[in-house]
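Secondary and tertiary structure notes
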Amino acid sequence: MKKYFHIVTYGCQMNLHESEKIAGLLSELGYERCDSLDNADIVVFNTCCIRENAENHAYGNIGMLKKLKAAKRDMIIAVGGCLPQQMNKAENLHEKFPYVDIIFGTHNLHKLKEYIAAKQHGKKAVIAIEEGDGVVCEGEPADRTSYPNAWVNITYGCNNFCSYCIVPYVRGRERSREFKNVLEEVKTLLSDGYKEITLLGQNVNSYASPTDGVRFPELISEISALEGKFRLRFMTSHPKDFSEDLAKAMADSDKICHCLHLPVQSGSDKILRAMNRKYTSADYLKKVELLKKYMPDCAITTDIIVGFPGETEEDFNATLRLVEEANFASAFTFVYSRRAGTKAAEMPDQIDAEVSKRRIMQLIELVNSQTRVYSAADVGKTVEILCEGYDEKRGLYLGRTEYGRMGYFASENNLIGEFVRMKVNQANGVSLFGDPVE
Ligand code: SAH
Ligand code: SF4
Ligand code: F3S
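Since the model is a prediction, treat every value here as computed from it, not as a measurement. Residue positions are counted from 1 within each chain, in the order its sequence is given. Labels are handed out in written order, letters beginning with A for the chains and numbers beginning with 1 for the ligands. Local features in this predicted model are restricted to residues whose pLDDT is 70 or higher, and side-chain atom pairs enter the listing and the counts only when it is 80 or higher, whereas totals over whole chains, interfaces and linings include all residues. Note: side-chain values were computed over all heavy atoms of the structure, leaving out hydrogens and water.

Either an automatic procedure or a domain database provided the assignment from which the domain bounds are taken. On domain assignment, one finds that the protein holds domain 1 (3-128), domain 2 (146-257), domain 3 (264-376) and domain 4 (382-436). The gap between the C-alpha centroids of domain 2 and domain 4 is 26 Å. In what follows, residue pairs with any heavy atoms lying within 4.5 Å of each other are defined as contacts. Taken together, the contact pairs ten residues of domain 2 with twelve residues of domain 4. Where domain 2 abuts domain 4, roughly 870 Å² becomes buried across the two surfaces, and 56% of that area is made up of carbon and sulfur atoms. The salt bridge definition used is simple: a Lys or Arg side-chain nitrogen within 4 Å of an Asp or Glu carboxyl oxygen. Between domain 2 and domain 4 we count two salt bridges in total. The salt bridge partner of Glu-384 is Lys-229, with a shortest N-O separation of 3.1 Å. In the side of domain 2 that touches domain 4, the residues fall into five nonpolar, no polar and five charged. Using a 1.4 Å probe, buried area is obtained as the accessible area two parts lose upon being combined, added over both of them. When residues are grouped by polarity, Ala, Val, Leu, Ile, Met, Phe, Trp, Tyr, Cys and Pro land in nonpolar, Asp, Glu, Lys and Arg in charged, and all others, Gly among them, in polar.

This is the structure in structure tokens:
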């Protein structure tokens, strides 16, 4: 009898990749992936707690499993990731959802097989949250789902303690993988046919290989010197650590995509200070200028938070001014969410939800207008798309340009995993539509 697993993932790319590792472990136990909760013998929720709505989303879906579990008593439900890693949350989860069999944190994913075995040997519920800074695991199997892209961790954790952010509390202190292990993994992925490598870390710029001291610019230069045609991307870069060396390394390589996600968070120096970001809006704009000096074509994207405690109209206007000046290719915008245990949660002047809502609408409008200008400028051009999938609804293949724009085109052949030259006929928001050309 075949046994099936189903994984539901919330949150960032880090979590997407961790779900691939969970899948790798479950495959080793003989489970096969399935698309629906109903057919699964084991269901894993890999959760996020970056904002309150991410948490609520997970709670809602875990709640809905109660019926299924009642009908299928031997189904195993596991909840892991950032949500249960928060202080006291694992116990809360257990009380609220007693039918969840396994609750595990971010530092003990690699022990999931043990927990499943314990459960199968009759243990009532496994609650396994490890404190501390975790370990760097090597050689874990990954059942990858994002071909032709492959995610590769280079750092885990974060030391920055931005005052709004829960990540340092749930992912522990920053630690880097050994350079030689990263390089070996990338070589294997390229020989397996992957065409795009995305290096992952909360702050990739502070990567430092433990024994040989290799830093980030050297790491990406070494990777981009590997044979073959492929793209190299990375995320995320903290502006305070973004250096000229990195801009040079990016410009010198024909494999590193000319696009950079550089979260600014706010344009107000007062708010940036309260956020503990360690740069001013002028510092940030200088980095943008530096990038454009080495790569005039570089697409810069960002994250922005509105409604941080104490944000006045004047502070918000400073954010709008910075967005205008930086002219982002696209941006993720968020309403500040109060996270228990962070410094900002204790700050006075928490902002009214209505005020934040108005601000984010205004910001989104500005960001979208910039995005549209960038996309419209591509009409008539021929761009290179790395085809990554097929959109059933549209009946079109899709993939990204080097700059991160999604391109759609029709084809008789399955082009997934191929670089396709596409003449852009039309632009719509962040999407481009066109025809393949020779
Ligand atoms: N390490 C990355 C990503 C962090 S999470 C970085 O430093 O950029 C991704 C984004 O979520 C952040 O850039 C920030 O804009 C947003 N974010 C983090 N905590 C938040 C909070 N409490 N409320 C609203 N947005 C938040
Ligand atoms: Fe959070 Fe700041 Fe670390 Fe990013 S750099 S994960 S925003 S604390
Ligand atoms: Fe969420 Fe954890 Fe990532 S809190 S954003 S899944 S590091």
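What follows picks up the thread again.
Pairing between strands is defined by DSSP: at least two bridges between them are needed. Helix and strand labels come from DSSP, where a helix needs a run of H or I of at least four residues and a strand needs a run of E of at least two; each type is numbered from the N terminus. On the basis of which strands lie adjacent, the open sheet formed by six strands has the order E2-E1-E3-E4-E5-E6 and parallel pairing. Two strands bound the open sheet, and with one partner strand each, they are strand E2 (31-33) and strand E6 (126-128). The average angle at which neighbouring strand axes cross in this sheet is 20°, direction not considered. Both strand E1 (residues 3-9) and strand E3 (residues 42-47) contribute to a ladder of five bridges, which runs parallel. From the neighbouring strand, His-6 faces E3, where its bridge partner is Val-43. In this analysis, axes come from line fits to C-alpha atoms, helices being fitted only over the stretch in contact, and the angle between any two N-to-C directions falls in the range 0 to 180 degrees. Sheet strands in contact with helix H1 (residues 13-28) are E1, E2, E3 and strand E5 (102-104), and its direction is about 170° off that of E1.

Moving on, we get to the site of ligand 1. Only a single heavy atom is needed: when it lies within 4 Å of a molecule or strand, its residue is near that molecule or strand. Near ligand 1 you find 14 residues, and of these Tyr-164, Gln-202, Gln-265, Asp-303 and Ser-337 are the closest. Pairs of N or O atoms are called polar contacts if they sit within 3.5 Å, as long as, within protein, a hydrogen donor faces a hydrogen acceptor (for residues adjacent in sequence, only side-chain-to-side-chain pairs). At 3.0 Å, a backbone N or O of Tyr-164 approaches a nitrogen atom of ligand 1. At 2.8 Å, a backbone N or O of Ser-337 approaches a nitrogen atom of ligand 1. Surface accessibility follows the Shrake-Rupley procedure with a 1.4 Å probe radius. Residue values consider only the protein chains on display as shielding. Starting from 540 Å² of accessible surface for ligand 1 in isolation, the protein chains cover 89%. Going through the elements one at a time, strand E13 (299-306) and strand E14 (330-335) are the ones with two or more residues in the shell around ligand 1. Classifying every residue of the shell around ligand 1 gives seven nonpolar, four polar and three charged. Residue assignment places the shell around ligand 1 across two domains, with domain 2 (146-257) and domain 3 (264-376) each supplying three or more.

Before going further, it helps to examine the side chain of His-6. Examined against the element boundaries, His-6 turns out to sit in strand E1. Here His-6 is in contact with Cys-34, Asp-35, Ser-36, Leu-37, Ala-40, Ile-42, Val-43 and Val-44, once residues within four sequence places are set aside.

Looking now at H1. A helix is expected to reach a length of 1.5 Å times the quantity of its residues less one. A rise of 1.5 Å per residue sets the reference length of H1, with its 16 residues, at 22 Å; its end C-alpha atoms lie 23 Å apart and thus fit the reference within 8%. Most of H1 sits out of view: twelve of its 16 residues are buried. Residues of H1 that are buried: Met-14, Asn-15, His-17, Glu-18, Ser-19, Glu-20, Lys-21, Ile-22, Ala-23, Gly-24, Leu-25 and Leu-26. Positive phi shows up at Gly-30, right after H1, with a value of about 95°. Classification of residues uses two cut-offs on accessible area relative to the type maximum, computed with a 1.4 Å probe and protein chains only: under 20% is buried, over 50% is exposed, and between them is partly exposed.

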